[in-house]
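# Tertiary structure, described
Here are the chains, one letter per residue:
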Amino acid sequence: MMKMRVKMRHLINRIHGLVIAVLATGLMVTTAAAQSPPDKAFGVFLSSQCVTCHMLSGKSVGSIPPIIGWPEAQFLTVMDSYKKKERTNALMQVVADRLNDEETAALAAYFGSLKPQK
Amino acid sequence: MTNRRDFLIGGGALSTGLLFSPAILAQAKPRVVVIGGGAGGATAAKYIAKDSEGKIAVTLVEENVNYQTCFHSNLYLGGFREYNSILHDYAGIQKHGVEVVRARATVIDSDRKEVVLKDGRRLKYDRVVVSPGIDLKYDSVPGWSQAAEEMMPHGWKPGAQTRLLRRRLDAVPNGGNIVMIAPPNPFRCPPGPYERVSMMAHSLKKAGKTRSKIFIIDPKEAFSKQGLFQEAWEKHYKGMVEWLGPKVHDGLKSVDPKTGTVVTGFETYKNAALVNVIPAQMAGAIARDSKLTNASGYCPIKPESMQSTVDANVYVLGDAAIAGDMPKSAFSANSQAKVAAMMIRGELTGSRTFAARYTNTCWSLLETDDTVKVGGTFEAKDGKITSVTPFVSKTGETAQLRKETQAENMGWYAGIIADMFS
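Residues numbered from 1 in each chain as written. Chains lettered and ligands numbered in written order. Predicted model: local features only at pLDDT ≥ 70, side-chain atom pairs only at ≥ 80, totals over all residues.

## Quick look at the overall build of chain B
Counting secondary structure elements, chain B contains 12 helices and 24 strands. For chain B, the C-alpha radius of gyration of 23 Å lies close to 22 Å, the compact-globule estimate for 422 residues. Principal-axis analysis of the C-alpha atoms places the extent of chain B at approximately 75 × 50 × 40 Å. Counting the 422 residues in chain B, one finds 51% classified as buried. Contacts in chain B between residues far apart in sequence, at least 24 positions, make up 69% of those at least 6 positions apart. (Helix = DSSP H or I, 4+ residues; strand = E, 2+ residues; numbered from the N terminus. Rg over C-alpha atoms; globule rule 2.2 N^0.38 Å. Buried ≥ 20, exposed ≤ 12 C-beta atoms within 10 Å, placed from the backbone. Contact = placed C-beta atoms within 7 Å.)

In structure tokens form, the structure reads like this:
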């Protein structure tokens, strides 16, 4: 039981945006935090559709820029510019358009956490 | 997506052990066999192995040592790429723990949950990913056959045919004509035949063979990026390309590979220097032989997962699948592979899953530094994979934008190759 609880705790700790209390009975009571930090695991999944073009290594070929290791605010600003059509790339405009704020934040958190390979 | 509430329900189930699959309870590593090492299969194998962090044993079955990309093979044809630059190996995938078995998979034994290889070996699986690409319908063009593919090459499956087509193109004399037999829908790479025509015209023009002409005999009333291609042919290759729809040619009647003759309802083209037959297509043999296809010749799938509607232990990716609004492209296959990989991990290890979303873009090179694109995002909706936010290049774009789009095309190629193979 103890071992199971440790495993659960390990798993739970990896999930951002949740406040979790484990009661003595072993039941869990959960509430979403009012100000949820970005869901990095969700960002990892969403990012899989980006890395077909934007290399995870941080390398860049042609006109496709690297997007890893950016400050989150920069990522959010750039995506917002595409959403508002201030930036012109048609592909990126529809990609940005498809993402809501939570999703864009999840991507910003994930890509921001990566460091370019040397 | 799996929202927080769903996850927490999952978390509650976890504490009671309900979420553990039988495979986990038995403490045996679940096994995934991936058939086909192209844009769908290679991506799926890599992502399942990488993201499961060793919890799933992944085997990729591929009969070729190298993968030659169909994408950008038109650029090889036009002299924009070296052949070696579109060849890739599987060493990078193995670094993620994927076992690569060099063999041809012939059929799936769904009762025993085993993939049967041509040499008789059997590979056990908990889930199998089927990504065999297309097979050609050799009987779809009267007078043409597999035996005639040397004389009238298709160049629509990678390898020797790609190089043969290039040699034949280079050998066309000035004034010699090329006839392309375009395929009916649905087929691999919808803009592909027309990008190919652009690359053929570029090659002829560059070699000074401007008296030559390319005729496209098309069974379709319209084709992908039609306005963009026709604008480019008029601008760059005036008088060298003639597209004929079914109302103009009245149907393809027959071809004669020995004499280079193409007969349509209204015209006979004799002594063509090159006839490029791109026939009708269907899902690769293993999908058909394993009864995963329907009457269309392709495999129905669940749009939220890429899971076969015929067999819940099977996922079908790429050209072999009926993917709704998504075209049969490498980008699509790569995108679908990531959804399937996530769902398979969820089923076998209890990892989190999210609502499927897909992306595609197809770039087409028209002439040096003149490239257009079509694409968009997709999701499971109304029982199929549905286009959500489409886009397409416009006619009349500036030369600068077209040049940037070509730079993007080259960047995408490097990106998808890194994503698949490293």
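That shown, we press on.
## A short note on the overall build of chain A
Looking only at helices and strands, chain A features 5 helices and 2 strands. Listed by position from the N terminus, the elements making up chain A come as α-β-β-α-α-α-α. For chain A, the proportion of its 118 residues judged to be buried stands at 30%. Put simply, 55% of the contacts in chain A that link residues at least 6 apart link residues at least 24 apart.

## Some points on the sheet that holds strand E6 (residues 105-109) of chain B
Residues and elements named next belong to chain B. Strand order across the open sheet formed by 3 strands is E6-E7-E8, with antiparallel pairing between neighbours. Of all the strands in the sheet, just E6 and strand E8 (122-124) have a single pairing partner and so form its edges. Averaged over all adjacent pairs, the angle separating strand axes in this sheet is 25 degrees, with direction ignored. Pairing analysis gives 4 bridges linking E6 to strand E7 (residues 114-117), with the strands arranged antiparallel. Residue pairing across strands places Asp109 opposite Glu114, the latter belonging to E7. (Pairing = 2+ DSSP bridges. Axes fitted to C-alpha atoms, helices over the stretch in contact; angles between N-to-C directions.)

## Comments concerning the nonpolar core
Residue and element names in this part refer to chain B. Core analysis: the largest hydrophobic core is formed by 98 residues, its most contacted members being Val130, Val316 and Ala340. Among the elements that make up this core, the one with the highest residue count is helix H11 (residues 330-349) (11 residues). Excluding residues that lie within four positions of it along the chain, Val316 makes contacts with Val130, Ala287, Leu292, Cys299, Ile301, Met306, Ser308 and Ala321. (Core = buried A, V, L, I, M, F, W, Y, C linked by C-beta atoms within 7 Å.)

## Structural notes on H11 of chain B
All names here are of chain B. Here H11 spans 28 Å end to end across 20 residues, near enough to the 28 Å set by a 1.5 Å rise per residue. Most of H11 sits inside the fold, with 19 of its 20 residues counted as buried. Following H11 by one or two positions, Gly350 adopts a phi angle in the positive range, close to 80 degrees. (Expected span 1.5 Å × (residues − 1).)

## With respect to the pairing of strand E24 (residues 384-392) of chain B
All names here are of chain B. With 8 bridges connecting them, strand E23 (residues 370-381) and E24 associate as antiparallel partners. Counted as the bridge partner of Phe378 is Ser387 from E24. From the end of E23 to the start of E24, which pair antiparallel, there are 2 residues, and Asp382 there has a positive phi angle of about 55 degrees.

## As for the packing of helix H3 (residues 41-52) of chain B against helix H12 (residues 399-421) of chain B
When two helices pack together, you describe them by how their axes are tilted relative to each other and by the distance separating the axes. Residue and element names in this part refer to chain B. For the pair H3 and H12, interaxial distance at closest approach is 7 Å and the crossing angle is 55 degrees. Between H3 and H12, the crossing angle belongs to the class labelled oblique. Across from Ala42, Thr43 and Lys46 in H3, the residues of H12 making contact are Asp419, Met420 and Phe421. For the contact of H3 with H12, the per-class residue count stands at 3 nonpolar, 1 polar and 2 charged. (Parallel < 35°, antiparallel > 145°, perpendicular 65-115°, else oblique. Nonpolar A, V, L, I, M, F, W, Y, C, P; charged D, E, K, R; others polar.)

## A look at unusual backbone geometry
All names here are of chain B. Along the chain, Asn185 connects to Pro186 via a cis peptide bond; the corresponding omega equals -10 degrees. Mapped onto the elements of the fold, Pro186 is located in the loop between strand E11 (177-181) and helix H7 (192-206). In this structure, Lys113 is a non-glycine residue whose phi angle is positive, near 50 degrees. Mapping Lys113 onto the fold places it in the loop between E6 and E7. In this structure Lys113 comes out as partly exposed when scored by C-beta crowding, with 18 C-beta atoms within 10 Å. We note that Asp250 has phi near 65 degrees; this positive angle belongs to a residue other than glycine. Of note, Asp250 is situated in the loop between helix H9 (246-249) and strand E14 (252-256). On the basis of neighbour counts, which here come to 12 C-beta atoms within 10 Å, the residue Asp250 falls in the exposed class.

## Digging into the sheet that holds strand E13 (residues 241-244) of chain B
All names here are of chain B. Strands sit in the order E13-E12-E11-E17 across an open sheet of 4 strands; the sheet is parallel. Looking along the sheet, the strands with just one partner apiece sit at the ends: E13 and strand E17 (274-277). The average angle at which neighbouring strand axes cross in this sheet is 15 degrees, direction not considered. In the sheet, E11 pairs with E17 via 4 bridges, with the strands oriented parallel. Considered in E17, the bridge of Ile181 is made with Val277.

## Focus on the confidence of the model for chain B
Across chain B, pLDDT averages 94, with 94% of residues at or above 70. On the interface metric, ipTM, the complex scores 0.87, and its pTM is 0.88. (pLDDT = per-residue confidence, 0-100.)

## What about helix H3 (residues 72-83) of chain A?
All names here are of chain A. Between its first and last C-alpha, H3 extends 17 Å over 12 residues, near the 16 Å set by a 1.5 Å rise per residue. Looking only at H3, the buried set comprises Phe75, Met79 and Tyr82. Down the axis, H3 shows its buried residues gathered within 50 degrees of arc, on one side only. Summarising the geometry of H3, the exposed residues directed more than 90 degrees from the buried face are Ala73, Gln74 and Thr77. The elements touched by buried residues of H3 are helix H4 (90-98) and helix H5 (101-112). Of the residues trailing H3, Lys85 is marked for its positive phi of about 65 degrees. (Arc of directions from axis to C-beta.)

## Overview of the packing of H11 of chain B against H12 of chain B
All names here are of chain B. It is the contact of H11 with H12, at a shortest axis distance of 12 Å, that shows an interaxial angle of 40 degrees. The hand of the H11/H12 crossing is left-handed. Residues Ala330, Phe331 and Asn334 of H11 form the contact with H12, whose own contacting residues are Ile416, Asp419 and Met420. (Left-handed = near helix turned anticlockwise from the far one by under 90°.)

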